[in-house]
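Chain residues, written in single-letter form:
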Amino acid sequence: MLIPSRNRGGLSRRRFVTGLGAGGLMAALPRPLQAHTPAAGQVPPTARARWDLRVGRTRIEIDRKVLHAPCIGEDVPGPILRWRQGDTVSINVTNTLADEDTSIHWHGLRLPAAMDGVPGLSFAGIPPGETFTYRFPVTQSGTYWYHSHSGMQEAQGLYGAIVIDPPVPDPQPCARDYVILLSEWSDVSPMDMLSNLKMQDDYYVFRQRTLASLPREAREAGSTLAALKDRLAWSRMRMAATDIADVTGVIYTYLLNGHAPDMNWNALFSPGERVRLRFINGASMTFFDIRIPGLEMLVVAADGNAVEPVPVDEFRIGVAETYDVIVQPREARAYTIFAQSEDRTGYARGTLAPQPGMSGPIPPMDPRPVRTMVDMGMDDMKPGESMNGMAMPEHGHDMSASHSHSHLMPHHEGGTMDGMDMTGHAPQHPMGGMQPTTPQQTPHRHDTPTPRHEEGAMAGMDMADMQPAGHGHAMPMSEHRVDEPVHHQPAGRMHRPGAMDHDAPAPGTMPVLEVDDPGPPPLNVENQNIARMPTDRLGSPGDGLEHNGRRVLNYRQLRATRPGSDPRPPTREIIMHLTGNMERYIWGFNGRKFSESGPIRLRRNERVRFTLINDTMMEHPIHLHGMWSELENGQGAYRPYKHTLISQPGSKLSYLVTADAPGLWAYHCHLMLHMETGMFRTVIVE
């Protein structure tokens, strides 16, 4: 039985408050470093093609939290691996853990599937006492990272940075080059976190709306009545507008290159120098908002790929993303690198300084974001507006075809929301052809949007050397019950000229597009909401960052420095709904968790558009292994190449994929606990 950490003395409100207040005392009360080498964040002076890494557990204490962390070289994070594009690298990974398998996944790298490091898909994992040699050609350059894909070891410290030199001189040369790897630290095990969230979905959310916050909400809503109606609406949905992050600073200490805020990681510069900062979000559950007060940041690369420089004051980095920025401090003073968590329950920080040991002022954290109806996929509905006229399914369903303009809402308590004018809001999901369903039918109605779904979906694949999912903990924790049969039925398919193409070719040249559309997901035990009016949020920097007086990066600003390598338009569109039930803490695609879903099959060299509709109120960083995701953000042929894309709550976005890497690949939300509870799929390129 898992014992809630709060009862073990590892968590208290006093400790939480103390952590928040520590910032003001940091400079005055330095504490000893206990876990890190002085070279943390320093890029090695030269690239190497051969590495020997040993995975073991080491007792590490940070911020009074002791953990026997799985890590490399007895340090968190692991060493920075510097490679050179064009080389073939060879990495020997030796598992010295006593009784658990391990693995290393090279996040964002294009490589043979057998070298991708996902037990159960790529290989069998690395048993205790054994060594596995990863060997593959390096075909790209930029900033990436590596992490374990076994047993949630990544959440406890098994990760590190990768820097790959380009074969030509860097077009953005800098005098100094640092890695800024952000992460979390906790003495609560990920399994305890999951157990607690299963028991109570807001277990780690202490900042609920109160009577004291009502006046501010009333000002924002226009009246006290409107604010109260908004609260009532959230209550009816059994959700909390303040639920920004599942796991928070209540138990996390946020780290910068393995340093807690009071350890004040330092990087040196001389006034006038250009300094490259390679930001990597290696956290398991936390988004960070980054700024350096007093310095403009020039964003020059996203997920390892060069983009046209974008000057900003702030940017959000989702879990698993990387951004390279260049700064040019001109004054001989300390500048604070400030990375506050999206939910504002804590921050990581470091200092750029002309001399070691200096500290810059630490800015106060911004107000916490509060979710709105936009995050629920209800377009521009304002607090206090209601939803009269919407279909409110008694048990989660009202799919009547006669309601061609109906808008379904989760409905648990029978209340309606009067007065909302829905004129002009067309439903986003085509309902034509859909038949009325019953609650008993719907759990088996939707499936992953694959051309065919079969039992034993990996038939024909050579699985001789593969370890079944679950062994080595590479795959998400199965929640499949023995009395819950897996059903795979054909997804909805249609053919139409390319739809939702921000970068479409000229009329008349559009190929027929095969669309795999499962339709709106069912409302059931695995899905709590349908985004009735999902919006394009590529121009938004994210909740809590709009209209804050700073220049904040958004996805629409990302433009590659060269056109994409595959100019073909897509011939197939795969629509994926990101779904979940907050109360039960179940996540999935199209209303199904991993254990109930078949693989997504792609034909080799097929050009595919993936469209994501986020039906949940949470951000999801979606990562496709082995292939690039070309974000359709209006930049035409100069679409940015990314390996991880943030899907904002209530949003809709699309990206193109060239399926040029044969094999089995993982496709999942990179929030670890979301992945573990079902938001995971296998992609087969055949």
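Residues numbered from 1 in each chain as written. Predicted model: local features only at pLDDT ≥ 70, side-chain atom pairs only at ≥ 80, totals over all residues. Heavy atoms only, no water.

The chain is annotated in an unreviewed UniProt entry as Copper resistance system multicopper oxidase of Komagataeibacter xylinus.

1. Remarks on the environment of Arg 274
Its location among the elements puts Arg 274 in the loop between strand E11 (265–268) and strand E12 (275–281). Sequence separation of Arg 274 and Val 327 is 53 residues, and the distance between their C-alpha atoms is 5.8 Å. When near neighbours in sequence (up to four residues on either side) are disregarded, Arg 274 contacts Gln 172, Pro 173, Cys 174, Ala 175, Arg 176, Ile 326, Val 327 and Gln 328. A distance of 2.8 Å separates polar atoms of two side chains, one belonging to Arg 274 and the other to Gln 172. Within the local environment of Arg 274, its side chain forms a polar contact with the backbone oxygen of Pro 173, the two atoms lying 3.1 Å apart. (Helix = DSSP H or I, 4+ residues; strand = E, 2+ residues; numbered from the N terminus. Contact = heavy atoms within 4.5 Å. Polar contact = N/O pair within 3.5 Å; in protein donor to acceptor, adjacent residues only side chain to side chain.)

2. Points about the sheet that holds strand E3 (residues 81–84)
Overall, mixed pairing links the four strands, which are arranged E3-E8-E7-E5 in an open sheet. Each of the sheet's edge strands pairs with one partner strand only, and the pair in question is E3 and strand E5 (105–107). The sheet shows a mean angle of 30° between the axes of neighbouring strands, direction not considered. In this sheet, strand E8 (residues 159–165) lies alongside E3 in parallel orientation, the contact comprising four bridges. Across the sheet, Trp 83 pairs through a bridge with Ile 164, a residue of E8. (Pairing = 2+ DSSP bridges. Axes fitted to C-alpha atoms, helices over the stretch in contact; angles between N-to-C directions.)

3. Overview of helix H3 (residues 214–221)
Buried within H3 we find Leu 214, Glu 217, Ala 218 and Ala 221. Looking down the long axis of H3, one finds its buried residues gathered within 105° of arc, a one-sided arrangement. Seen from the open side of H3, the exposed residues pointing more than 90 degrees away from its buried face are Arg 219 and Glu 220. Buried residues along H3 sit against helix H4 (224–236). Looking one or two places after H3, you find Gly 222, whose phi comes out positive at around 105°. (Buried < 20%, exposed > 50% of the residue type's maximum accessible area, 1.4 Å probe, protein only. Arc of directions from axis to C-beta.)

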